[in-house]
Amino acid sequence: MIKAKDVLTLDELDKKELTQTIDLAIKLKKELNKGITKPLLKNKTLAMIFQKPSTRTRISFETGMFQLGGHAINMSAQDLQLSRGESIEDTAKTLSRYVDVVMARVYDHSTIQSLAENASIPVVNGLSNSYHPCQILADLMTIKEKKGRLDGLKLAWIGDGNNVCNSMMIGCSKVGISMSIATPKEFTPDSSLVKQCKKLVDIDLTQDPSKAAKDADVLVTDTFVSIHDKPSRLRKFLPKYQVNSKLMARANKSCIFMHCLPAKRDQEVTSDVIDGPQSVIWDEAENRLHSQKALLVSLRI
Ligand code: CP
Ligand code: NVA
């Protein structure tokens, strides 16, 4: 079980809780593949609030709740009285009287913090401008499946030091994966978070993708223009930070390529890499389902 009520960044889980959740996700996946489902969240309801679009997060949470014997309610923020000025605080208190857990995708991270502070039930961040913890749970699960271990691996992050990168630093530092992060100077990840994570593992920041990719076991990128970003930033990344076969060749032969999706083919990654033999993106996307089921089961709901 996870001691913390909410999961907003991934830092709420200690190393043991993180590895136990990943192992449970792998177990639930194996069981599902054998046709075994258990009603571990029978009669429980998840409320999902989306201020931004989603494919994977929405569908994997809803399917996950169904498979666990529970139920999910999907709402865009526009559907709620939030759109007419009801406060986040009052929304949190109201939801707490009906449902057992809330997952929200928001713009400002402070919105989900305020939701969590005012809800008596667990709140899970389904992506904010600053963090994407559920993605990293799935990513660590995928790395464990593919590599058989986490501790001692090297992960190269290429491109934007964004929300996914921030939660990646938290996750990797807890499980012993060192990171080399190549970004343009103005798009480095959160500096206080880098400092915090560096206490646990090596994290190297560079503006040279080729240096970051060298000897990597896992190479990861994400869109250069996140939902909350202005498209004009794209020119700061291209062509230097594009993941292509030449960059992949700098990594270990057995290096896997990961991307949280949605991808812009031939912007942050070339089609031959994302569709190539080293890419594990479809397993990574699938693992959102299994890892979030493990997370929901491990929360106090
Ligand atoms: N990776 C991810 O969170 O995808 P969606 O935006 O489709 O939910
Ligand atoms: N960094 C991306 C991730 C999408 C899942 C974004 O915030 O749009």
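Residues numbered from 1 in each chain as written. Chains lettered and ligands numbered in written order. Predicted model: local features only at pLDDT ≥ 70, side-chain atom pairs only at ≥ 80, totals over all residues. Heavy atoms only, no water.

Q: I would appreciate a short explanation of the pattern of salt bridges in the present structure.
A: If charged atoms from side chains of opposite charge come close, those side chains can pair. Enumeration according to the criterion identifies 16 salt bridges in this entry. Among the ionic pairs, K3 bridges to D14, the shortest N-O distance being 3.1 Å. Placement of the pair is K3 in the segment before α1 (15-33) and D14 in the segment before α1, with a sequence separation of 11 residues. Across the salt bridge formed by D215 and K214, the nearest N and O atoms sit 3.1 Å from each other. Look at D215 and you get partly exposed, because its relative accessible area is 42%. On the basis of relative accessible area, K214 is assigned to the partly exposed category, the value being 39%. Through salt bridges with shared partners, a single network forms among K3, D14 and E17. (Salt bridge = Lys/Arg side-chain N within 4 Å of Asp/Glu carboxyl O. Helix = DSSP H or I, 4+ residues; strand = E, 2+ residues; numbered from the N terminus. Buried < 20%, exposed > 50% of the residue type's maximum accessible area, 1.4 Å probe, protein only.)

Q: Got a minute to help me understand the site of ligand 1 in this structure?
A: If you check the shell around ligand 1, you find S54, T55, R56, T57, R105, H132, Q135, C260, L261 and R288 and nothing else. Separating an oxygen atom of ligand 1 from a side-chain N or O atom of H132 is a distance of 2.8 Å. Here an oxygen atom of ligand 1 and a side-chain polar atom of R288 are 3.0 Å apart. Across the complex, the protein chains shield 95% of the 260 Å² of accessible surface that ligand 1 would expose by itself. (Near = heavy atom within 4 Å. Polar contact = N/O pair within 3.5 Å; in protein donor to acceptor, adjacent residues only side chain to side chain. Areas by Shrake-Rupley, 256 points an atom, 1.4 Å probe, with all protein chains shown as cover.)

Q: Please explain the nonpolar core as it appears in this structure.
A: As a rule of thumb, nonpolar side chains are buried together in soluble globular proteins. Within the largest apolar cluster, 57 residues are counted, with the highest numbers of intra-cluster contacts made by L140, I143, L155, W157, I177 and M179. For this core, the element with the most residues is helix α6 (residues 163-175), which contributes 7 residues. Dropping the residues within four chain positions of it, I143 is found in contact with G148, R149, L150, L153, L155, I177, V218, I256 and M258. By size, the runner-up hydrophobic cluster in this structure holds 24 residues, among which are A156, A212, Y241 and I281. (Core = buried A, V, L, I, M, F, W, Y, C linked by side-chain atoms within 4.5 Å. Contact = heavy atoms within 4.5 Å.)

Q: For this particular structure, what's the right way to read the sheet that holds strand β3 (residues 101-105)?
A: In a beta sheet, neighbouring strands pair by backbone hydrogen bonds and run either parallel or antiparallel. Taken in spatial order, the 4 strands make up an open sheet running β2-β1-β3-β4, and their pairing is parallel. The open sheet has two free edges, formed respectively by β2 (71-76) and β4 (123-125), since each of these has just one partner strand. Between one strand axis and the next, the sheet turns by 20° as a mean value, whatever way the strands run. Against the sheet, helix α2 (residues 56-67) engages β1 (45-50), β2, β3 and β4, with an angle of about 170° to β1. Across the sheet, helix α4 (residues 109-118) is in contact with β3 and β4; its angle to β4 comes to roughly 165°. (Pairing = 2+ DSSP bridges. Axes fitted to C-alpha atoms, helices over the stretch in contact; angles between N-to-C directions.)

Q: For this particular structure, what's the right way to read the sheet that holds strand β8 (residues 218-221)?
A: On the basis of which strands lie adjacent, the open sheet formed by 5 strands has the order β7-β6-β5-β8-β9 and parallel pairing. Two strands close off the open sheet at either side, each with one partner strand: β7 (203-206) and β9 (256-259). Recorded for the sheet is a direction-independent mean angle of 20° between the axes of neighbouring strands. Bridging between β8 and β9 involves 4 bridges; their strand directions are parallel. The residue bridging T221 from the neighbouring strand is H259, located in β9.

Q: Would you explain the packing of aromatic side chains in this entry?
A: When we look at a pair of aromatic rings, we describe it by the centre distance and by the angle of the planes. In the structure shown here, the tally under the stated rule is 3 aromatic pairs. Ring geometry for F224 versus F237: centroids 4.5 Å apart, planes at 5°, classification stacked. Taken together, the positions of F224 in the loop between β8 and α9 (245-248) and F237 in the loop between β8 and α9 put the pair 13 residues apart, joining distant regions of the chain. For the pair shown, F224 and F237 are each scored as buried. When its relative accessible area of 0% is taken as the criterion, F237 is described as buried. Through a chain of ring-to-ring contacts, three or more aromatic side chains come together here, namely F187, F224, F237 and Y241. K52 extends its terminal NZ or CZ atom over the ring of Y107, reaching a point 4.9 Å from the ring centre. A cation over a ring is seen here: R233 above F187, with NZ or CZ 4.2 Å from the ring centre. (Phe/Tyr/Trp six-rings, centres within 6.5 Å; stacked < 30°, edge-to-face > 60°. Lys NZ or Arg CZ within 6 Å of the ring centre and 35° of its normal.)

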